[in-house]
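Each chain, written out:
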2 protein chains.
Amino acid sequence: MSTPAAKITIRDVADRAGVAISTVSHAFSGSRPISRATRERVLRAARELGYDPNPSARSLRTGRSGIVGLVLRPRYAVTGTPDRAETFNRLVGSVATEMLRRKTGLIHVPDIDDPSVARVPMDGCIVAHPYGNDPVLTELTRRGIPVVTVEEDPERPELPWAVRLDYPKVVSALLDHLREQGARRIALFTGTEDNAWNRRTRETYLAWSARRRRSTRVEVLSEGLTPEEAMREVRACLRERRRPDAIVMATSDFAAPAAGVAAELGLHVPDELMIASLTDSEHSRTASPPITAMDLNHELLAERAVELMLARLSGADEPAEALVIEPVLNLRASTRRG
Amino acid sequence: MSTPAAKITIRDVADRAGVAISTVSHAFSGSRPISRATRERVLRAARELGYDPNPSARSLRTGRSGIVGLVLRPRYAVTGTPDRAETFNRLVGSVATEMLRRKTGLIHVPDIDDPSVARVPMDGCIVAHPYGNDPVLTELTRRGIPVVTVEEDPERPELPWAVRLDYPKVVSALLDHLREQGARRIALFTGTEDNAWNRRTRETYLAWSARRRRSTRVEVLSEGLTPEEAMREVRACLRERRRPDAIVMATSDFAAPAAGVAAELGLHVPDELMIASLTDSEHSRTASPPITAMDLNHELLAERAVELMLARLSGADEPAEALVIEPVLNLRASTRRG
DNA sequence: TTGAAAGCGCTAACAA
DNA sequence: TTGTTAGCGCTTTCAA
């Protein structure tokens, strides 16, 4: 509180210690031998003056900042519902926690397309849930910034600096479970966001249905809909004569409302209608009945992505292919008959 | 993908456009009149070359980075349990979301004390849940970095750039509720972290008890304990002859285990023992019975803190006193008799 | 309306 | 072992 916050530079320290500024620099970095006496004089001067190095100057000079960026792509990540917030908070929190552990700064990159936004110095950037041919990936690559993605760009699945989710395995397991519980007509309510999550889960549903020689039904529901709007769609579907006896909702935000629609129509869950969702949240856990959901395992995604990024920044070889981890299937009462 | 990531500087753009570098700078910033023709030539050259300004150079020159830092003080925020993670993820996520909305970069500051860590350029810093006389606050202030705190430093409650929680009101309401439900002997299991949360809630408990002429019992449980260790303490307490008939656990991590202990001892919750906690989490919501909890309202804390910070950075006057918001009391079955 | 040039604070190459 | 100095890329003052 006492010190006037006048900015102390390396030159002030050098003057005070009676040495050259390069000596001060080296005394801090240890990048060349300094006599004990000099080093101590320098460090004391720095301490007395309250010196701390200017990170911008250092970055400008060295070309590195020690900061990694994080971009959350899904449009509805920010403006979304509490459920969506939960999902993305988990990812952000986990990435932050991992980076803290590794002593590297993590910066949330606001909007990389908007030039009015303060650009930010970063050595690398983690992009979460990219879109197909995501322009942010293209832009970052153009800028020469090393990128690691959480989930692959669905149009560029070959990019090796990525950690992916094994949707075919887990979504198939979910569908098998529904079948075992007696579902005959499974409908999928998919989203409009063109990312790996929507694409791969849809593909898996179609492939699984083809394998089982089952007819399919895919309804598209924008992630931007209100629950009421989503309910309207679900209601229309459930009122049909040959209505599905199981529905898989992509976002858990719409799964609990779907259960509400079922109740309203007098359809018992799970006996007359099973409901599952492809993300998990408070909403699905506490609905009545609790809703079966696939959890994207953001904690593990984050951990792996950070590892990958730090490896990349320290010059590791490009991996042969993306790292694959598994989502977690949480079976609950909404799909368990009898 | 095609462009070799050679770094384009303002000089390259100036050369290409056939103007001076200062003209390029002004063409971008608009800080002095430029002829239409020149401006367009410059912008085209920049576009063609794929120029983007170096943020470190800009910060070095202007002294501002457009980045705000975030420091989470509680020791157990990072290494903690899933519950703790939930709590802090909510805060981090909310702050990040708010900053995104305001188009300002947010950086997670790793360890401000550790000099080996890359220092980071920030115009201001939000410090969440500071300790009493928190050295991080002191250090940031010494460095001349404007600080806003989420919760006050309990030893320096007079610092006005803060958003605080009205613990006396809500904790008293909780205790009143317990009393109305028939609790005669309420014990508090407080934490060891010396922050406003522990301090103020403890003070409120003691003051409330004094007002009601009730005897008090405060047990101290480190936030670093495992649930098993915490259970041991709770068990010992509940085995006593004159055991409490209501316990308030500071962290929700230990509240659900406490319910486990009650079950083990054959004590019915809430009829023979009421349980409440001073943070909320998945754990408390889904315990059986669900546990009454005070929610710190991290979303609102974050929103207000960000507003305060941006105000401070744009030169707003120092407020007369800290902003006060209310925690939310979630009453659940663990404290509702009959 | 534009250009030239100083200099932000630091690191590293080169000299002594 | 230490000092001198160029220059990282930008903004801004001063001149033209």
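All figures in this text were calculated on a predicted structure; none of them were measured in a lab.

What to know about unusual backbone geometry
- At the junction of Val269 of chain A and Pro270 of chain A, the peptide bond is cis and its omega measures out at 10° in the coordinates.
- Looking at where Pro270 of chain A falls in the secondary structure, it is placed in the loop between helix H11 (252-264) and strand E9 (274-277).
- The phi dihedral of Lys103 of chain A falls on the positive side, at around 60°, and the residue is not glycine.
- For Lys103 of chain A, the location among the structural elements is in the loop between helix H6 (82-101) and strand E2 (105-108).
- The phi angle at Asn133 of chain B is positive, at roughly 50°, despite the residue not being glycine.
- Positionally, Asn133 of chain B belongs in the loop between strand E3 (124-128) and helix H7 (135-142).

Here we look at the UniProt feature "domain: HTH lacI-type" (unreviewed entry) in chain A
- This chain's UniProt record puts "domain: HTH lacI-type" (unreviewed entry) on residues 8-62 of chain A.
- Note that residues 8-62 of chain A is 71% helix and 0% strand, and that its end C-alpha atoms are spaced 20 Å apart.

Observations concerning the interface of chain A and chain B
- Across the boundary between the two partners, chain A contributes 47 residues, which contact 48 residues of chain B.
- Around 4200 Å² of area is buried between chain A and chain B when both sides are counted, 63% of it from carbon and sulfur atoms.
- Run the count over chain A and chain B and you get two salt bridges.
- Across the pair Arg143 of chain B and Asp52 of chain A runs a salt bridge, and its minimum N-O distance is 2.9 Å.
- In this structure, the connection of chain A to chain B is made through nine residue pairs in polar contact (both at pLDDT 80 or more).
- Within the residue set of the side of chain A that touches chain B, elements represented by two or more residues are helix H4 (55-62), H6, E2, helix H7 (135-142) and helix H12 (282-286) of chain A.
- Of all the elements, H6 of chain A adds the most residues to the side of chain A that touches chain B, at nine residues.

Thoughts on the protein's contact with DNA strand C
- Close contacts around DNA strand C come from 26 residues, with Ile10 and Arg61 of chain A together with Thr23, Arg32 and Thr38 of chain B the closest.
- In DNA strand C, atoms within 4 Å of the protein come 56% from sugar and phosphate.
- Within the side chain of Ser25 of chain A, one N or O atom sits 2.8 Å away from a phosphate oxygen of DNA strand C.
- Within the side chain of Arg61 of chain B, an N or O atom sits 3.0 Å from a base nitrogen of DNA strand C.
- Mapped by element, the contributors of at least two residues to the surface near DNA strand C are helix H2 (21-29) and H4 of chain A together with helix H2 (21-29) and helix H4 (55-62) of chain B.
- A per-class count over the surface near DNA strand C returns 10 nonpolar, 11 polar and five charged.

Some details on the packing of helix H10 (residues 227-239) of chain A against H11 of chain A
Residue and element names in this part refer to chain A.
- As a packed pair, H10 and H11 sit with axes 9 Å apart at the nearest point and diverge in direction by 50°. Taken together, H10 and H11 sit at an angle that is classed as oblique. Remark: the crossing between H10 and H11 carries right-handed chirality. Here H10 contributes Pro227, Ala230, Met231, Val234, Arg235 and Leu238 to the contact with H11, which in turn contributes Phe254, Pro257, Ala258, Val261 and Glu264.
- Split into classes, the residues belonging to the contact of H10 with H11 amount to nine nonpolar, no polar and two charged.

A short note on a nonpolar patch on the surface
All names here are of chain A.
- Side chains of Leu206, Val218 and Val220 sit close together on the surface and give an oily, nonpolar patch of about 220 Å² of accessible area.
- The residue Val218 is located in strand E7 (residues 218-220) in this model.
- Owing to a relative accessible area of 33%, Val218 belongs among the partly exposed residues under this scheme.

What to know about the protein's contact with DNA strand D
- Around DNA strand D lies a shell of 27 residues, among which Arg32, Thr38 and Arg61 of chain A together with Ile10 and Arg61 of chain B are the nearest.
- Sugar and phosphate atoms form 54% of the subset of DNA strand D atoms that lie within 4 Å of the protein.
- A distance of 2.4 Å separates a base oxygen of DNA strand D from a polar side-chain atom of Arg61 of chain B.
- Residue assignment for the surface near DNA strand D shows that the elements contributing at least two residues are H2 and H4 of chain A together with H2 and H4 of chain B.
- In terms of residue count, the dominant contributor to the surface near DNA strand D is H4 of chain B (five residues).
- Class assignment for the residues of the surface near DNA strand D results in 11 nonpolar, 11 polar and five charged.

Digging into the relation of the copies chain A and chain B
- Superposing chain A onto chain B takes a rotation of 180° combined with a translation of 0.0 Å along the rotation axis, leaving an RMSD of 0.1 Å. Viewed as a symmetry operation, the transformation between the two copies matches a two-fold axis.
- A share of 100% of interface residues in chain A that are also interface residues in chain B marks the association as one of identical surfaces.

Concerning the sheet that holds strand E7 (residues 218-220) of chain B
Residues and elements named next belong to chain B.
- Taking strand neighbours across the sheet as the criterion, the six strands line up as E7-E6-E8-E9-E10-E12 in an open arrangement whose pairing is mixed. The open sheet has two edge strands with one neighbour each: E7 and strand E12 (328-330). Adjacent strand axes in the sheet meet at a mean angle of 20° when their direction is disregarded.
- Summarising the sheet, strand E10 (residues 292-295) and E12 pair through three bridges and their orientation is antiparallel. Looking across to E12, one finds that Met294 is bridged to Leu329.

Quick notes on the pattern of salt bridges
- What the rule picks out here adds up to 56 salt bridges over all chains.
- Between Asp134 of chain A and Arg73 of chain A there is a salt bridge whose closest N-O contact spans 2.8 Å. Taken together, the residues span a long stretch of sequence, with Asp134 of chain A in the loop between strand E3 (124-128) and H7 and Arg73 of chain A in the loop between strand E1 (67-72) and helix H5 (76-79) at a distance of 61 residues.
- A residue is classified by how much of its surface remains accessible, and Asp134 of chain A, at 0% relative accessible area, is buried.
- Among the salt bridges present, the one from Lys169 of chain B reaches Glu326 of chain B, with a minimum N-O distance of 2.7 Å. Linking Lys169 of chain B in helix H8 (residues 167-180) with Glu326 of chain B in the loop between strand E11 (323-325) and E12, this pair joins segments that are 157 residues apart in sequence.
- Judged by relative accessible area, Glu326 of chain B falls into the partly exposed class, the value being 35%.
- Beyond isolated ion pairs, a larger network of salt bridges with shared partners links Glu98, Arg101, Arg102, Glu303, Arg304 and Glu307 of chain A.

Observations regarding the domain arrangement of chain A
All names here are of chain A.
- You can read the domains of chain A as domain 1 (5-49), domain 2 (67-165 + 298-327) and domain 3 (167-295 + 330-335).
- A separation of 28 Å is found between the C-alpha centroids of domain 2 and domain 3.
- Contacts between the two partners involve 22 residues from domain 2 and, on the opposite side, 23 residues from domain 3.
- Of all residues in domain 2, Tyr76, Asp83 and Pro327 bury the most surface against domain 3, accounting for 29% of the area lost on that side.
- Inspection of the region where domain 2 meets domain 3 yields five salt bridges.
- The dominant element in the side of domain 2 that touches domain 3, judged by the number of residues it contributes, is H6, at five residues.

Rules behind the numbers
Residues numbered from 1 in each chain as written. Chains lettered and ligands numbered in written order. Predicted model: local features only at pLDDT ≥ 70, side-chain atom pairs only at ≥ 80, totals over all residues. Heavy atoms only, no water. Helix = DSSP H or I, 4+ residues; strand = E, 2+ residues; numbered from the N terminus. UniProt positions renumbered as here; feature names shortened; annotations may be inferred. Contact = heavy atoms within 4.5 Å. Buried area = accessible area lost by both parts, 1.4 Å probe. Salt bridge = Lys/Arg side-chain N within 4 Å of Asp/Glu carboxyl O. Polar contact = N/O pair within 3.5 Å; in protein donor to acceptor, adjacent residues only side chain to side chain. Near = heavy atom within 4 Å. Nonpolar A, V, L, I, M, F, W, Y, C, P; charged D, E, K, R; others polar. Axes fitted to C-alpha atoms, helices over the stretch in contact; angles between N-to-C directions. Parallel < 35°, antiparallel > 145°, perpendicular 65-115°, else oblique. Left-handed = near helix turned anticlockwise from the far one by under 90°. Patch = residues over 30% accessible without salt bridge, like charges linked within 9 Å, V, L, I, M, F, W, Y side chains within 5 Å. Areas by Shrake-Rupley, 256 points an atom, 1.4 Å probe, with all protein chains shown as cover. Buried < 20%, exposed > 50% of the residue type's maximum accessible area, 1.4 Å probe, protein only. Least-squares fit on C-alpha atoms with pLDDT ≥ 70 in both. Pairing = 2+ DSSP bridges. Domains from an automatic or database assignment.

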